[in-house]
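In case you want the letters, here they are:
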Amino acid sequence: MLLLVLAASLVAGPLTALAQEPTIPLPEVVVPGLLEQGYVVRQATTATKTDSPLIETPQSVSVITRDRLNDQAVNTLAEALRYSAGVQGEPFGFDPRFTTIQIRGFDASDTGLYRDGLQIRNPAFAVSFSLEPWGVERIEILKGPASIMYGAGSPGGLVNLVSKLPTKETFG
């Protein structure tokens, strides 16, 4: 019994000493740029067709923001997709005449291109188009079989070009 009382006093002794120390308030730490859009996007519409947070989205989604497009000075969609993992914007080399995209090794040129959630149909190989990023706010890339949510398409994924919306403030 004496040993139990002795052990309890040894354990309680340091705890009471810690509880008596005064607390020192620390200044608030503010990380600049963390709340800004920049290259980091917190929400995307392509994966779930709703404006849901990316952290809660179970699909693989890459987002290329307007700031990144401006900093890279891109002129075509192929140039914008150059640094996205699993996406080849120029699988056959530089060609300004056509938009040819491969996502995870699958061709997405015919059925994997969307603008604001609506499919852009590629008519044929000989008659094609070259998409440009000028009116685009961001480019969202949904990778993998989750792209079936948009209908029959490429199993590799899809590319959704989200258009700019008008703002209340005038500029220019």
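Residues numbered from 1 in each chain as written. Predicted model: local features only at pLDDT ≥ 70, side-chain atom pairs only at ≥ 80, totals over all residues. Heavy atoms only, no water.

A.B. asks: Just to check I follow, could you spell out unusual backbone geometry for this structure?
C.D. replies: Among all residues save glycine, negative phi is the norm, and among peptide bonds the norm is trans. With phi around 60°, K49 is a residue other than glycine that occupies positive phi space. With respect to the helices, strands and loops of the structure, K49 is situated in the loop between β1 (43-44) and β2 (52-53). In this structure, R104 is a non-glycine residue whose phi angle is positive, near 55°. When you line up the elements, R104 lands in the loop between β5 (102-103) and β6 (106-107). (Helix = DSSP H or I, 4+ residues; strand = E, 2+ residues; numbered from the N terminus.)

A.B. asks: Quick question: what am I supposed to make of the pairing of strand β10 (residues 157-163) here?
C.D. replies: A regular strand places its side chains on the two faces of the sheet in alternate fashion. In terms of burial, β10 is largely enclosed, as 7 of its 7 residues are buried. Here β10 shows two buried faces, one formed by G157, V159, L161 and S163 and the other by L158, N160 and V162. In the sheet, strand β7 (residues 113-115) pairs with β10 via 3 bridges, with the strands oriented parallel. The residue bridging R115 from the neighbouring strand is L161, located in β10. By the bridge criterion, 7 bridges tie strand β9 (residues 136-143) to β10 in an arrangement that is antiparallel. Residue pairing in the sheet places L142 in a bridge with L158 of β10. (Buried < 20%, exposed > 50% of the residue type's maximum accessible area, 1.4 Å probe, protein only. Pairing = 2+ DSSP bridges.)

A.B. asks: I would appreciate a short explanation of the environment of L142 in the present structure.
C.D. replies: With respect to the helices and strands, L142 occurs in strand β9. With 17 residues separating them in the primary sequence, L142 and V159 have C-alpha atoms 6.5 Å apart.

A.B. asks: Mind showing me how you'd approach the sheet that holds strand β3 (residues 60-65) here?
C.D. replies: Adjacent strands of a sheet pair through backbone hydrogen bonds, lying either parallel or antiparallel. One open sheet holds the 5 strands; their spatial order is β3-β9-β10-β7-β8, and the pairing between them is mixed. Two strands lie at the open edges of the sheet, namely β3 and β8 (118-119), each paired on one side alone. Inspection of the sheet shows β7 paired to β8 by 2 bridges, in the antiparallel sense. For Y114, the partnering residue across the bridge sits in β8 and is Q119.

A.B. asks: Explain the sheet that holds β5 here, please?
C.D. replies: Taking strand neighbours across the sheet as the criterion, the 3 strands line up as β4-β5-β6 in an open arrangement whose pairing is antiparallel. Every other strand in the sheet has two partners, leaving β4 (87-88) and β6 as the edge strands with one partner each. In terms of strand pairing, β4 meets β5 through 2 bridges, oriented antiparallel. Its bridge partner being in β5, Q88 is matched across the sheet by Q102.

A.B. asks: Would you take a moment to explain the packing of aromatic side chains for this structure?
C.D. replies: To describe a pair of aromatic rings, one takes the distance between the centres and the angle between the planes. Applying the stated criterion across every chain, the model contains 1 aromatic pair. A ring pair is formed by Y114 and Y150, whose centres lie 5.0 Å apart and whose planes are at 55°; its orientation type is tilted. Here the residue Y114 occupies a position in strand β7, and Y150 occupies one in the loop between β9 and β10, the gap between them amounting to 36 residues. Judged by its relative accessible area of 3%, Y114 falls in the buried class. Across from the ring centre of Y150, 4.6 Å away, lies the NZ or CZ of K49, which sits over that ring. (Phe/Tyr/Trp six-rings, centres within 6.5 Å; stacked < 30°, edge-to-face > 60°. Lys NZ or Arg CZ within 6 Å of the ring centre and 35° of its normal.)

A.B. asks: In this structure, what is going on with the layout of surface pockets? I would like to understand it.
C.D. replies: Sizing a probe to match a water molecule and rolling it over the atoms shows the empty space that remains. Empty space within the largest pocket amounts to approximately 320 Å³. Around the largest pocket, the lining is made up of 22 residues, and of these F92, D95, F98, T99 and T100 lie nearest the centre. For the lining of the largest pocket, the class distribution of residues is 9 nonpolar, 9 polar and 4 charged. (1 Å grid on protein atoms, 1.4 Å probe; cavity = no way out; pocket = protein on both sides within 12 Å on 5 of 7 lines; lining within 4 Å. Points joined across faces, edges and corners; volume = space filled by probe spheres on them. Nonpolar A, V, L, I, M, F, W, Y, C, P; charged D, E, K, R; others polar.)

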